[in-house]
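For reference, the chains in residue letters:
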Amino acid sequence: ALACMWAPDDLAEADCRGVLEHAREVAHPPTHRGASSGWRLASVLYAKDDHSGAIEAADTSLALVETERQALATADLLDEEKKAIASELDNVERQLRTSRLNAMIRVGGREAELLKELDAMLAASPDDATLEFTRGIVLQGLGKDADAEAAFERTVELAPDHKDAYYSIGAL
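First things first, this report covers the structure right here in the doc. (Residues numbered from 1 in each chain as written. Predicted model: local features only at pLDDT ≥ 70, side-chain atom pairs only at ≥ 80, totals over all residues. Heavy atoms only, no water.)

This next bit is on the side chain of Thr155. Note on placement: Thr155 falls in helix H8 (residues 145–158). Among the polar contacts made by the side chain of Thr155, one reaches the main-chain carbonyl oxygen of Ala151 at a distance of 2.8 Å. Excluding its chain neighbours within four sequence positions, the residues that come into contact with Thr155 are Ala129, Glu132, Phe133, His162 and Ala165. (Helix = DSSP H or I, 4+ residues; strand = E, 2+ residues; numbered from the N terminus. Polar contact = N/O pair within 3.5 Å; in protein donor to acceptor, adjacent residues only side chain to side chain. Contact = heavy atoms within 4.5 Å.)

This is how it looks when you write it as C-alpha cells:
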C-alpha cells in the first residue's frame, strides 16, 4: 500500500490497482489502506485525463469504505483503535467523494448526479464554502440561476472573502 501512495504516477497506477483488488478479495481486519489506494488510483487516473476511470476507481473505493466500516463494527479491536480507523475511513471517504466530484465535472453530462452528490456532501458538511460554490456552478450550468444565486450567496455567508462567489453573483 505504501508503494501505491508514494510512487510516481506511472508506477502508482499498477500498484494501486493491485492493492485495491487485493483489498476487495481478501477478508482482512478493517483498515483504510485499501480505500486509500483507491483514492490514489482515482487521483492518478484523473491526472492522466481518464476521468471515467477515476470515477470508477472512486466508486469501487467508496464501496470498500462501506465494507471496511461494516467489518470495523464487529472487529476485535480496542475502542481507541476503532476510533482511529473510523476517523481515517471518514477522511478517505471525503477525499474519494471530492475526487469523484472533480472527475464528474470534467466528464460532463452528469449534472443531475453531480448535484445529488454535492447535496449529500453538503448535508454532511453544511458549512463547506467550496462545496456550496461548486453547487452554485453546477446549478448555473443547468440554467437554474435563482438556485445558483442562492448557493453563491450562501458561499459568501460562509466565506466572506470568496471573490469568485461575488463575481458569480454579479455575472448572473
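Here the narrative resumes.
Another point: helix H6 (residues 111–124). Taking 1.5 Å as the rise per residue, H6 with 14 residues should run 20 Å; its terminal C-alpha atoms sit 20 Å apart, in good agreement. Along H6, the residues classified as buried are Leu114, Leu115, Glu117, Leu118, Met121 and Leu122. Considered in projection along H6, the buried side chains sweep an arc of 160° and stay on one side of the axis. The outward face of H6, more than 90 degrees from its buried face, is lined by the exposed residues Ala112, Lys116, Ala123 and Ala124. Considering only its buried residues, H6 is in contact with helix H5 (79–107) and helix H7 (129–141). (Expected span 1.5 Å × (residues − 1). Buried < 20%, exposed > 50% of the residue type's maximum accessible area, 1.4 Å probe, protein only. Arc of directions from axis to C-beta.)

Bringing the pattern of salt bridges into the picture now. Taken as a whole, this structure holds 12 salt bridges when the rule is applied. Residue Arg100 pairs with Glu117 through a salt bridge whose shortest N-O separation is 3.5 Å. With a gap of 17 residues between them, Arg100 in helix H5 and Glu117 in helix H6 connect regions that are remote in the sequence. The pair formed by Arg100 and Glu117 is uniform in burial state, with each residue classed as buried. Notably, a salt bridge pairs Arg135 with Glu132, separated by 3.8 Å at the nearest N-O pair. Placement of both Arg135 and Glu132 in helix H7 is noted, with a separation of 3 residues, approximately one turn of the helix. Given a relative accessible area of 22%, Arg135 falls into the partly exposed group. Under the relative-accessibility criterion, Glu132 is labelled buried at 8%. The structure contains a network of salt bridges with shared partners spanning Asp59, Arg69, Asp90, Glu93, Arg97, Arg100, Arg110, Glu113 and Glu117. (Salt bridge = Lys/Arg side-chain N within 4 Å of Asp/Glu carboxyl O.)

Helix H9 (residues 163–171) packs onto H8 with a crossing angle of 150° between their chain directions and a minimal axis gap of 9 Å. Classed by the angle they form, the pair H8 and H9 counts as roughly antiparallel. The handedness of the crossing between H8 and H9 comes out as left-handed. Contacts between H8 and H9 involve Glu149, Phe152, Glu153, Thr155 and Val156 on the former and, on the latter, Ala165, Tyr166, Ser168 and Ile169. For the contact of H8 with H9, a count of residues per class yields 5 nonpolar, 2 polar and 2 charged. (Axes fitted to C-alpha atoms, helices over the stretch in contact; angles between N-to-C directions. Parallel < 35°, antiparallel > 145°, perpendicular 65-115°, else oblique. Left-handed = near helix turned anticlockwise from the far one by under 90°. Nonpolar A, V, L, I, M, F, W, Y, C, P; charged D, E, K, R; others polar.)

Enumeration according to the criterion identifies 1 aromatic pair in this entry. Ring centres of Phe133 and Phe152 lie 5.4 Å apart, and the angle between their planes is 45°; on these two criteria the pair is classed as tilted. Note that Phe133 is positioned in helix H7 and Phe152 in helix H8, a separation of 19 residues in sequence. Accessibility expressed as a relative area gives 0% for Phe152, which makes it buried. (Phe/Tyr/Trp six-rings, centres within 6.5 Å; stacked < 30°, edge-to-face > 60°.)

We now examine the packing of H6 against H7. For any two helices packed against each other, one specifies the crossing angle of their axes together with the interaxial distance. Where H6 meets H7, the axes come as close as 10 Å, and the angle between the chain directions of the two elements is 155°. The pairing of H6 with H7 is recorded here as roughly antiparallel in orientation. Between H6 and H7 the crossing geometry is left-handed. Contact residues: Glu111, Leu114, Leu115, Leu118, Asp119, Met121 and Leu122 in H6; Leu131, Glu132, Thr134, Arg135, Val138 and Leu139 in H7.

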